[in-house]
Amino acid sequence: MLISPVLSKKFSDFFVTKLKLINDYEEYDLIIWGARMTGLGAIRFLRHHGRSAVCFVDSDPAFKDKSVASLPVLKPLELKKKIVENNWNPLIVIAVALKEIEIIAALKENNLDSYPSFSFQSEESPYFTVDLLGSCNLACGSCPHSIVDHGVPKGIMDFETVKKVIDKIKIDSPETTHISCYSWGEPLLHPKVPEIVDYVHQNGMAVALSSNLSLNFEQRIEKLVKSEPEYLKVSVSGYYSKAYNATHQGGDINLVKSNLYRIRHYMDKHNSNMLVDINYHLYRDNCGKNLEMFQSLAEELGFLLSTTYALIMPLERVINYLDGKPDIQTMILQKNLLVDIDEAIDVSSQRIAKSTKCPFRENQVNVNADLTVPVCCTVFERGDNVVAKNFLETSLQEIEISKKNVKVCETCMEKRLPEYNMGLNEEKWATVAKSKSSLEKN
């Protein structure tokens, strides 16, 4: 039976179980739209069940001439030609975490909406984030860890507890394909992070990690590469020390660069297929020569380099700013942002109807290092933002019910902050950014 084309029904109507994708559509050539973590989770799931895909599709220019999980990554405008050239019988698997609506629009824009499509997203199978630590070795001004005495626990989730969390996820949500083992904390500080990756893999799921990589842990890095998490995001904000130190306070960019070379060395040594994504935060003082140098380094090492406009985080700080109660750090950072808070909220919500649903709240379950569950990944403080005091003792149904009663969500939705945190309307962000003069000085 042919799956209905993506635009013929509401997006939620054409979700079928992932196992049905494996068992009932063997005659299709699977094309995974989205080459980062959700797509990597999809390919691990498919291969675990004896299937694979013919390619990935991703519009991010960082994937130009790149392969992911040994599969080519095509641009959307290239896909139709490839389908014809290879005589594929395509089924497009939409595997993105937050921007499904934009993907649907891209299918139509690139004349791909006549092909059958399958959503890898389901409310019955949310995305899980497990924060291994409640602390970080840096104190970046855009992050709540730079706030002195913020009152949030800084402990570590011990290995046995991590395993219990993973076990519960597997039982409660058997179709989960990947877990992000990070949130506000620095996961590579966890002494058992390679073993955690191994344990998640044993349960048939892919692993995402995010690190500032300003750490002197060579043996741990080698063990991690051998464990081969599918995705490692490395956060940077400058190639030279002056720009980097201004926004990654407490870090050492030379140590970061050394570790990137170490990772390349160990990937070659152990034949690792890990996707390394250098996530470059764009500010007014680092978007010229600093960026050019990091692009060259990423190309030399064969890693991705993705750019993102820096944001003020977490949600509480943004709301305080909008309510006329900004903290000092926010006001200082505003001067260095290429797109400040007011501009970002404005452009991200343009041409997008206000929604009653939030992808952060609806599609994710986040577990803090102390086992509390926040309403979403954008909040940091505890108190009223917590929907479960102990993930191990709370059902997913109870968590979802509690989310509906969190007061900050109404404020967040009204002020259009989900769109802000997703960075919607990227072209508009770029237009605003280009209007700003550079503050860059090496």
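Residues numbered from 1 in each chain as written. Predicted model: local features only at pLDDT ≥ 70, side-chain atom pairs only at ≥ 80, totals over all residues. Heavy atoms only, no water.

Caption draft 1: Quick peek at the overall build of the protein chain. Across its full length, the protein chain holds 18 helices and 15 strands. Going through the 442 residues of the protein chain one by one, you find that 58% of them count as buried. Sequence separation of 24 or more characterises 74% of the internal contacts of the protein chain that already satisfy a separation of 6 or more. On the protein chain, the mean spot of the 51 positive side-chain charges and the mean spot of the 57 negative ones are 2 Å from each other. (Helix = DSSP H or I, 4+ residues; strand = E, 2+ residues; numbered from the N terminus. Buried < 20%, exposed > 50% of the residue type's maximum accessible area, 1.4 Å probe, protein only. Contact = heavy atoms within 4.5 Å. Lys, Arg positive; Asp, Glu negative; His and termini not counted. Charge placed at Lys NZ, Arg CZ, Asp CG, Glu CD.)

Caption draft 2: Inspection of the nonpolar core at higher detail. Core analysis: the biggest nonpolar cluster contains 97 residues, and Leu 260, Ile 263, Phe 294, Phe 391 and Tyr 420 have the highest contact counts within it. In contact with Leu 260, other than residues within four places in its own chain, are Leu 213, Val 234, Ile 278, Phe 294, Leu 297, Leu 301 and Phe 303. (Core = buried A, V, L, I, M, F, W, Y, C linked by side-chain atoms within 4.5 Å.)

Caption draft 3: Just empty space enclosed by the protein, in detail. Within this structure, the stated rule accounts for four cavities of 30 Å³ or more. The volume enclosed by the largest cavity comes to roughly 100 Å³. Contributing to the lining of the largest cavity are 15 residues, with Cys 358, Cys 376, Thr 378, Cys 409 and Cys 412 lying nearest its centre. Sorting the residues of the lining of the largest cavity by element identifies α14 (359–363), α16 (407–414) and α17 (417–422) as the ones contributing at least two each. Sort the elements by how many residues they give to the lining of the largest cavity and α16 lands first, with four residues. Taken together, the residues that form the lining of the largest cavity break down as twelve nonpolar, two polar and one charged. There is about 60 Å³ of room inside the second largest cavity. Forming the walls of the second largest cavity are Asp 131, Gly 134, His 145, Val 152, Pro 153, Trp 184, Asn 368, Ala 369, Phe 380 and Arg 382. Here the residues of the lining of the second largest cavity are counted per class, giving five nonpolar, three polar and two charged. (1 Å grid on protein atoms, 1.4 Å probe; cavity = no way out; pocket = protein on both sides within 12 Å on 5 of 7 lines; lining within 4 Å. Points joined across faces, edges and corners; volume = space filled by probe spheres on them. Nonpolar A, V, L, I, M, F, W, Y, C, P; charged D, E, K, R; others polar.)

Caption draft 4: How the structure looks around the pairing of strand β7 (residues 127–130). Covered by surrounding structure in β7 are Tyr 127 and Thr 129 together with Phe 128 and Val 130, the residues of both alternating faces. Alignment of β7 against strand β13 (residues 364–367), held across four bridges, turns out to be parallel. Bridge pairing in β13 links Val 130 to Val 367. Pairing between β7 and strand β8 (residues 178–180): two bridges, direction parallel. Looking at β8, one finds that Thr 129 is bridged to Ser 180. (Pairing = 2+ DSSP bridges.)

Caption draft 5: The confidence of the model for the protein chain, seen in detail. When the pLDDT values of the protein chain are averaged, the result is 90; 94% of them are 70 or greater. Within the protein chain, the lowest mean pLDDT, 73, falls on helix α1 (residues 18–24), and the highest, 98, falls on helix α9 (residues 253–270). Contacts of residues 1–16 to residues separated by more than four positions or lying in other chains number 36 contacts, the stretch itself having pLDDT below 50. (pLDDT = per-residue confidence, 0-100.)

Caption draft 6: Summary view of the sheet that holds strand β3 (residues 67–68). The strand order across the open sheet formed by six strands is β3-β4-β2-β1-β5-β6, and the pairing between neighbours is mixed. Of all strands in the sheet, those with a lone pairing partner are β3 and β6 (117–119), marking the two edges. When β3 meets strand β4 (residues 71–74), the two strands line up antiparallel, connected through two bridges. Bridge pairing in β4 places Val 68 opposite Leu 71. Helix α2 (residues 37–48) contacts β1 (29–33), β2 (55–57), β3 and β4 of the sheet and is inclined by roughly 155 degrees relative to β1. (Axes fitted to C-alpha atoms, helices over the stretch in contact; angles between N-to-C directions.)

Caption draft 7: Focus on helix α6 (residues 193–202). The buried fraction of α6 amounts to seven of the ten residues, a majority that puts the element mostly inside the structure. Val 193, Pro 194, Ile 196, Val 197, Tyr 199, Val 200 and His 201 are the residues of α6 that are buried. Positive backbone phi, approximately 75 degrees, marks Gly 204, located one or two places after α6.

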